[in-house]
Amino acid sequence: MPSICELPVPRKLRWIVSEPISAKIQEAKCSFDRRIADLDLFVFKFEKFGRDFPKMIKTSPDSFIQVMLQFAYYRVHNCLVSTYESASTRRFRHGRVDNIRANSCEALAWIKSMQPNSTFTVINNFDFFI
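Quantities reported herein were computed from a predicted structural model and do not represent experimental measurements.

Along its length, the chain carries 5 helices and 2 strands. Counting from the amino terminus, the chain carries its helices and strands in the arrangement α-α-α-β-β-α-α. Relative to its 130 residues, the chain shows a buried fraction of 16%. In the structure as shown, the chain presents an accessible area of about 12,100 Å², 60% of it carried by carbon and sulfur atoms.

Here it is as structure tokens:
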């Protein structure tokens, strides 16, 4: 597909970096490498239900996962986390990319209703989620 506008050919940028800055870059690289070496990652295969469950309860699989990620973070840290998920708007005129924020007041209310000390019943929680 041809470009809608002509752009100049990209050219490689050559950076002149002073010795103190170069040392800081190396220090940051070493710090990053230490953090990677300190990372433990465990992957569990969840088999209680699959991708059809969110569709069965008339929920987008993507939004279901976003809320579950918020739920898990809340259970560990007792607060929501700011998230950024890109959303395509290309179907609209001049559409590009927008973002979706999963940490909403509604998400927090549902997450709080799912906590062990909540007075909500399972039916209340399900109705609240939908």
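One finds Val 67, Phe 71, Tyr 74, Trp 110 and Ile 111 forming the largest nonpolar core, which totals 5 residues. Of all elements in the fold, only α3 (61-77) and α4 (105-113) reach the threshold of two or more residues within this core. Ranked by the residues each element gives to this core, the list is headed by α3, at 3 residues. Once residues lying within four places of it in the same chain are set aside, the contact partners of Phe 71 are Trp 110, Ile 111, Met 114 and Gln 115.

For the coordinates displayed, the defined rule picks out 2 salt bridges. The closest approach of N and O atoms between Lys 29 and Asp 33, which form a salt bridge, is 3.0 Å. Of this pair, Lys 29 and Asp 33 both sit in helix α1 (residues 19-37), 4 residues apart, which is roughly one turn of the helix. Of the charged contacts in the structure, one is a salt bridge between Lys 45 and Glu 47, with a shortest N-O distance of 3.8 Å. Across the pair, exposure class does not vary: Lys 45 and Glu 47 are exposed alike.

Moving on: unusual backbone geometry. Phi at Lys 58 takes a positive value of approximately 60°, unusual for a residue other than glycine. Along the chain, Lys 58 turns up in the loop between α2 (52-56) and α3. Even without glycine at this site, Asn 78 takes up a positive phi of about 60°. By the element assignment, Asn 78 lies in the loop between α3 and β1 (85-88).

Rules used throughout
Residues numbered from 1 in each chain as written. Predicted model: local features only at pLDDT ≥ 70, side-chain atom pairs only at ≥ 80, totals over all residues. Heavy atoms only, no water. Helix = DSSP H or I, 4+ residues; strand = E, 2+ residues; numbered from the N terminus. Buried < 20%, exposed > 50% of the residue type's maximum accessible area, 1.4 Å probe, protein only. Areas by Shrake-Rupley, 256 points an atom, 1.4 Å probe, with all protein chains shown as cover. Core = buried A, V, L, I, M, F, W, Y, C linked by side-chain atoms within 4.5 Å. Contact = heavy atoms within 4.5 Å. Salt bridge = Lys/Arg side-chain N within 4 Å of Asp/Glu carboxyl O.

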